[in-house]
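Chains, contacts and geometry: an overview
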Amino acid sequence: MTVMTINVNGVARTVDVDPATPLLWVLRDVLGLTGTKYGCGIEICNACNVWIDGSAEKACHLLMKDVLTVKIVTVEGLATNGVLSKIQQAFIDEQTPQCGFCQSGVLMRAAKLVNGNAKPTDAQIDAAMANICACGTYPRIRAAIKRATGQAPVV
Amino acid sequence: MSDQLFKNGAELINTNVSRRAFMAGSVGTVLAFVLESSMPGSVANAAGAGTKISGYLTINPDNTVTVAFGGAEMGQGIMTGLAQCVAEELMVDWSQVKTESAPWAQSYITGGSFGVRANFVAMRTAGAQAREMLISAAATSMGVPASSCTASAGVITNTLNSQTRTFTSVAADAALLTPPASPALTPKANWRIIGTRANRTDIRGKVDGSAIFGLDVQVPGMVYAAVRHSPAIGGTLAATPKLPAGATHVINLGNAVAVVASHSWIPLDYCAIGISSTSSTWRDGIKWTAPAGAAAMTTAAILSTGNTLMASGTPGSPLAENIGTAAANYTAAPKKFEGTYQVPFLPHVMMEVPNCTVSLSTNSAEVWAPTQAAGWVASTVAALTGIPTANVTVHITLLGAGLGRKIEQDFIAEAVKVAKIVGKPVKLFWPREEDLSQDQYRPFGLIRVRLGMDASGTPTAFQARNVSVSPLFQRGWIGATGNDNVDGLVDSPYNIPNKLVEFVRHPSTIPVGFWRSVGESMNCFALESAIDEAALIAGQDPVAFRRTLLAGKTRELGVLNAAATMIGWDAGAPAGHAYGIALASGFGSLACLALEVSQPAAGSLTIHRACMAVDPGMAVNPTQVEAQMQGGIIQGLTSALWGKTTFANGKASSKNFNNVRLLKMSESPAIQVQIIESGIQYLGGIGEVGVPPVAPALANAYARLNGTRVRTLPFF
Ligand code: FES
Ligand code: FES
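What counts, and at which threshold
- Residues numbered from 1 in each chain as written.
- Chains lettered and ligands numbered in written order.
- Predicted model: local features only at pLDDT ≥ 70, side-chain atom pairs only at ≥ 80, totals over all residues.
- Heavy atoms only, no water.
- Contact = heavy atoms within 4.5 Å.
- Buried area = accessible area lost by both parts, 1.4 Å probe.
- Salt bridge = Lys/Arg side-chain N within 4 Å of Asp/Glu carboxyl O.
- Core = buried A, V, L, I, M, F, W, Y, C linked by side-chain atoms within 4.5 Å.
- Buried < 20%, exposed > 50% of the residue type's maximum accessible area, 1.4 Å probe, protein only.
- Helix = DSSP H or I, 4+ residues; strand = E, 2+ residues; numbered from the N terminus.
- Expected span 1.5 Å × (residues − 1).
- Polar contact = N/O pair within 3.5 Å; in protein donor to acceptor, adjacent residues only side chain to side chain.
- pLDDT = per-residue confidence, 0-100.
- Pairing = 2+ DSSP bridges.
- Axes fitted to C-alpha atoms, helices over the stretch in contact; angles between N-to-C directions.
- Phe/Tyr/Trp six-rings, centres within 6.5 Å; stacked < 30°, edge-to-face > 60°.
- Lys NZ or Arg CZ within 6 Å of the ring centre and 35° of its normal.
- 1 Å grid on protein atoms, 1.4 Å probe; cavity = no way out; pocket = protein on both sides within 12 Å on 5 of 7 lines; lining within 4 Å.
- Points joined across faces, edges and corners; volume = space filled by probe spheres on them.
- Nonpolar A, V, L, I, M, F, W, Y, C, P; charged D, E, K, R; others polar.
- Domains from an automatic or database assignment.

Taken together, the 55 residues of chain B in the interface contact 48 residues of chain A. For the pair chain B and chain A, the summed buried surface comes to about 4,400 Å²; carbon and sulfur atoms form 62% of the total. Taken as a group, Val207, Met351 and Met665 of chain B account for 19% of the area that chain B buries against chain A, more than any other trio of residues on that side. Between Asp216 of chain B and Arg28 of chain A there is a salt bridge, with the nearest N and O atoms lying 2.9 Å from each other.

Set out below in structure tokens:
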């Protein structure tokens, strides 16, 4: 066990865990930020996506000792003072989530995409959205990304 | 089944109402109701007839209302659909409505696509009773007759002098009144909320990270446990391994080992990772003892037994369906088709792994679980602890999908056992590897279909034999007849004068369970593939062939023609592409799917478009009907293309998403959904019917593309 400080959603958080613990479980079990999900633990499903210095990464395989100097953003950090970000609002407007379990990871990638690309094309959306959604919300994820970027809705 | 759907009655339990009204006075006034549910179907029957649905309305201090039910919200929008029914009659605006799960032990089973349709009248009645009680209390308070009062947006106005009362201000008095026996229900023409695209009530929390699934539950003093089961299903661990570093407990559960620590990682790391997943030797040199009969739990042996039963097995009695003289007619038919279709064991693949949090006290228990069967959870706790079910509180969390898997009690029981030993609240969860290798799978099955046709190619005899493993039989719920396993073969909508459907139970002990759309998921593949194959022999177009067989069936023709029109069937597919179509009827609804596919290279398949016409009688919420169809198509494609679990001496092949492939966004087709509302009297379920037509539509499209008929799933 080691006392370490990480920056999560703009706040310094001090925890006492094994430095080899994956960030996912520190966020969830120690810090109570349960929005970030466990789906596979083997870097395939993207349910555990967070931003590390602005890039979407898999928290299931990022070790604590490797995230001490970076800025971490979780799904709980997407809204500002309770005001949802554009992409979150678009997910509501398109009624995107079904069970919702994959959606935090989906949102982290979708938010990243729309922040960096004013008008992502279908091909760019396909390439960026590597998440697994077993409920099959893909059409509504696409529609929400288009809505958030002011593009015409899709079928 | 439709005749059973409207037998529900709602009664407001007055004693409960008043007691709870006082108890909850500070946070709002609670109006409780208990509904007698008639949820037909085997799952409900097994749970016991007359299952009660508990629920309540809370009139909050800010004049909003909270509607609570003991059902499972697993993404299908059930909370929203039911709340729409209540809110319609209660005369509140949709923006005033919140929902939550009722934390009551005796709630109901969520399955069989019955969530909304079985409670449609009951929920409206409950809302109407509450409205009349509120109006009555307001009328008394204003000194006017109730007949001069109307309610709108949670405010009661009397038309004599325009005085008003909010629901909140009269709720406490209303809760003391006797509920009216038969309150007036709002006619369909005046509906404001039912039938609209009301936003779901559970979505905000699912986009800001605040939604609490079972896996997210945290209670004070809680510890975390993960499990690892015998790789051969049902095997046992010969001894208890050493305590892993950082863990507080290692527990031998017989067929599994549980590891407990102050957070999830150490148990997960120990149980999921580091040891070859099928090795018979566990940690510290301790071996798993193979279960009795492990050799028979092998895919090739199971198939061979299935083939023998197909050829010479004795069908369960009575026959699943026997109309006319199908066998003789088939033998004598001048044109005939016979084909045998094969479907694999199939894992559920819910994004949220099985998990359960348990807190035990001397004579009471509290459980938080993503469960489709909270009443069974209470029974499981009682059986393992001796605590009476009345002292067991079950909190139904959000479910990261259920798909039929979360009706089961295996993961619940493990959490209870571990909590007993640890003496603290425990959250037990399964690593993904355990979820996929220790599932209660959609049954393996062989389905032989024979169609006898007259000289002009019109079918006169339909004969089907389903050889499959029975979830109901494994649970001791039925005898030798098929029941769920023949759904989708019996009562088919096709006008064929002679029909014979047989079920032969496959004795495999691979655990099987209820998988979204149950028997339909295998039988629709066989039947709808066979119809296309017979059409080919008859020299007819598959859509025209179906139209002939559906003469006079307005609803079936409605979805068939709509799907054909959407895809552009008559114009034909673009060069190098092909269309395929399939019809499903079940869960009180009809769904017809047309697909457009192409094959850019050998061994690959591109699904370009999916056009679904669905007739649920009436859409309580069209957005949710569309979402269920979209999701059903995507899950159906995933299953048809890649879905299977094979077994070697009881060891499952499926482990994690590195060998269980799911369709990704880039692989999903453009989906178009058309809802046909043929009448409220046909109100049907929507959670499952979107899945069954997918595999046969794909096989039919594939056959029309390149002449190759796929009769064994999955494709790849
Ligand atoms: S949990 Fe990290 S990628 Fe699946
Ligand atoms: S919404 Fe359920 S897995 Fe994506």
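With that settled, consider the nonpolar core. Leu23 of chain A together with Leu698 of chain B are the most contacted members of the largest nonpolar core, which has 171 residues in total. The biggest single contributor to this core is helix 14 (residues 520-538) of chain B, with 10 residues. Other than its neighbours up to four places away in sequence, Leu23 of chain A contacts Ile6, Val50, Ile52, Ala59, Leu62, Leu63, Met64, Val67 and Ile72 of chain A. Core analysis: the next-biggest nonpolar cluster, separate from the first, contains 43 residues, Ile59, Leu90, Ile135 and Ile194 of chain B among them.

Each α-helix turn comprises 3.6 residues. Residues three or four places apart therefore point the same way. All names here are of chain B. When the terminal C-alpha atoms of helix 11 (residues 410-422) are compared, their 19 Å separation across 13 residues agrees well with the 18 Å that a helix rising 1.5 Å per residue should span. Within the span of helix 11, buried status applies to Phe411, Ile412, Ala413, Glu414, Ala415, Val416, Val418, Ala419 and Val422. Downstream of helix 11 by a residue or two, Gly423 has a phi angle that is positive, lying close to 75°.

The final tally for this structure, using the stated rule, is 34 salt bridges over all chains. We note a salt bridge from Lys65 of chain A to Asp66 of chain A, for which the minimum N-O separation is 3.9 Å. Overall, the relative accessible area of 49% leaves Asp66 of chain A in the partly exposed class. Between Glu626 of chain B and Arg197 of chain B there is a salt bridge, and its shortest N-O distance comes to 2.7 Å. With Glu626 of chain B in helix 17 (residues 622-642) and Arg197 of chain B in the loop between helix 5 (167-174) and helix 6 (204-208), the pair connects residues that are 429 residues apart, well separated along the chain. Classification of Glu626 of chain B as buried rests on a relative accessible area of 17%. Given the relative accessible area of 45%, Arg197 of chain B is considered partly exposed. Look at the salt bridges and you will find they share partners, linking Asp122, Asp126, Arg142 and Lys146 of chain A into a network.

Quick look at the side chain of Gln372 of chain B now. Summarising the element assignment, Gln372 of chain B is placed in the loop between strand 17 (365-369) and helix 10 (374-385). A polar side-chain atom of Gln372 of chain B sits 3.1 Å from the main-chain amide nitrogen of Gly404 of chain B.

This next bit is on the confidence of the model for chain B. Residues and elements named next belong to chain B. On average, residues of chain B score 88 in pLDDT, and 89% of them reach the 70 mark or higher. Throughout residues 1-26 the model reports pLDDT below 50, and contacts reaching past four residues in sequence, or to other chains, amount to 60 contacts. In the predicted assembly, ipTM is 0.97 and pTM is 0.93.

Let us look at the sheet that holds strand 1 (residues 2-8) of chain A. Two strands in a sheet stick together by hydrogen bonds in their backbones, pointing the same way (parallel) or opposite ways (antiparallel). All names here are of chain A. Reading across from one edge, 2-1-5-3-4 is the order of the 5 strands in this open sheet, with mixed pairing throughout. Across the chains shown, the open sheet's two edge strands, defined by having one partner strand only, are strand 2 (11-17) and strand 4 (55-58). Strand-to-strand twist in this sheet, taken as the mean axis angle between neighbours without regard to direction, amounts to 45°. Where strand 3 (residues 49-52) meets strand 5 (residues 71-73), 2 bridges bridge the pair, whose relative direction is antiparallel. The residue of strand 5 that forms the bridge with Ile52 is Ile72. The strands that helix 1 (residues 23-30) touches are strand 1, strand 2, strand 3 and strand 5; relative to strand 2, the one it contacts most, it runs at about 100°. Set on the sheet, helix 3 (residues 103-116) makes contact with strand 3, strand 4 and strand 5; between it and strand 3 the angle comes to about 40°.

Further remarks concern the packing of aromatic side chains. Residues and elements named next belong to chain B. The full count for this structure, using the stated rule, is 14 aromatic pairs over all chains. Note on Tyr270 and Trp282: the rings are 5.6 Å apart at their centroids and 90° apart in plane angle, and the pair reads as edge-to-face. Here Trp282 lies in the loop between helix 7 (265-272) and strand 13 (288-289) and Tyr270 lies in helix 7, a separation of 12 residues in the sequence. Residue Tyr270 is classed as buried on the basis of its relative accessible area, which comes to 8%. Between Tyr441 and Phe647, the aromatic rings sit 5.3 Å apart at their centres with planes inclined by 85°, giving edge-to-face as the arrangement. Of this pair, Tyr441 sits in the loop between helix 12 (432-437) and strand 20 (445-453) while Phe647 sits in strand 26 (residues 647-648), placing them 206 residues apart in sequence. The class for Phe647 is buried, based on a relative accessible area of 4%. Taken together, the ring pairs connect Phe345, Tyr441, Phe444 and Phe647 into an aromatic cluster. Here the basic side chain of Arg283 rests over the ring of Tyr270, its NZ or CZ set 4.3 Å away from the ring centre.

Residues and elements named next belong to chain B. Here the second largest pocket is characterised by a volume of approximately 340 Å³. Forming the walls of the second largest pocket are 15 residues, and the residues nearest its centre are Thr99, Glu100, Ser101, Ile396 and Leu398. Secondary structure elements with two or more residues in the lining of the second largest pocket: strand 5 (97-101) and strand 18 (392-396). By residue number, the principal contributor to the lining of the second largest pocket is strand 5, which donates 4 residues. Partitioning the lining of the second largest pocket into residue classes produces 5 nonpolar, 6 polar and 4 charged. Each of domain 1 (3-208) and domain 2 (214-290 + 354-429) gives at least three residues to the lining of the second largest pocket.

Here we come to the sheet that holds strand 20 of chain B. All names here are of chain B. One open sheet accounts for 5 strands, arranged 14-22-21-20-15; its pairing is mixed. Looking at strand neighbours, the two that pair on one side only are strand 14 (321-323) and strand 15 (335-343), the edges of this open sheet. Geometrically, the sheet is characterised by an average inter-axis angle of 15° between neighbouring strands, direction not taken into account. The pairing of strand 21 (residues 459-469) with strand 22 (residues 498-506) spans 9 bridges and is classified as parallel.

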